[in-house]
Amino acid sequence: QVQLVESGGGLVQAGGSLRLSCAASGRTFSSYAMGWFRQAPGKEREFVAAISGSGGSTYYADSVKGRFTISRDNAERTVRLQMNSLNPEDTAVYYCAAARSLSLILQSRCDYWGQGTQVTVSS
């Protein structure tokens, strides 16, 4: 069983930065690929970024490539999402998720989800 708790959301002006964190419980954190997803009002949830269990592989949605960076610290059981050059289209609830493989993350077939943290970017 893995529990995920996101933090770090908030209100930021366009062009600004935020760093989201996701703290995980459980001793098998490093065996899970981790991902970030987001859901804007009236829209479906979409993939944002993913990282392998070792941290050696990362994937990004085209819409955030070059602006967002996903990282993990297995010793601290934490995954982070550094978001730079934010724009109003990035406004959404951001969710952390865990799955047994990167391919499952990319298919949104995740075993565990956090409760989400709101990110609002003002123009």
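The coordinates are above.
Presented here is a report on the structure given in the accompanying data block. Starting afresh in each chain, residues are numbered from 1 along the sequence in its written order. Local features in this predicted model are restricted to residues of pLDDT 70 or higher, and side-chain atom pairs are both shown and tallied only at a pLDDT of 80 or more, whereas totals for entire chains, interfaces and linings draw on every residue. Only hydrogens and water are removed before side-chain values are computed, so all heavy atoms of the structure are retained for them.

## Regarding unusual backbone geometry
As a reminder of what qualifies: Where helices and strands are cited, they refer to DSSP runs of H or I of at least four residues and of E of at least two residues respectively, numbered from the N terminus. Per-residue accessibility, obtained with a 1.4 Å probe over protein chains only, is compared with the maximum for each type, and a residue is labelled buried under 20%, exposed over 50%, and partly exposed between these values.
Despite not being glycine, Ser-85 shows a phi value in the positive range, around 50°. Tracing the sequence through the fold places Ser-85 in the loop between strand S8 (78-83) and strand S9 (92-99). Unusually for a residue other than glycine, Ser-108 sits at a positive phi of about 60°. Here Ser-108 lies in the loop between helix H1 (102-106) and strand S10 (112-113). Given a relative accessible area of 32%, Ser-108 falls into the partly exposed group.

## Let's talk about the side chain of Arg-38
The following threshold applies: Think of a polar contact as two N or O atoms within 3.5 Å of one another; within protein, one of them needs to be a possible hydrogen donor and the other a possible acceptor, and neighboring residues in sequence only count if both atoms come from side chains. In this description, contact between two residues means that some pair of their heavy atoms is separated by no more than 4.5 Å.
Positionally, Arg-38 belongs in strand S4 (residues 33-39). Within the local environment of Arg-38, its side chain forms a polar contact with the side chain of Glu-46, the two groups lying 2.6 Å apart. In terms of polar contacts, Arg-38 uses its side chain to reach the side chain of Asp-90, at 2.9 Å. Not counting the four nearest positions on each side in its chain, Arg-38 is found in contact with Glu-44, Arg-45, Glu-46, Val-48, Ser-63, Val-64, Phe-68, Glu-89, Asp-90, Ala-92, Val-93 and Tyr-94.

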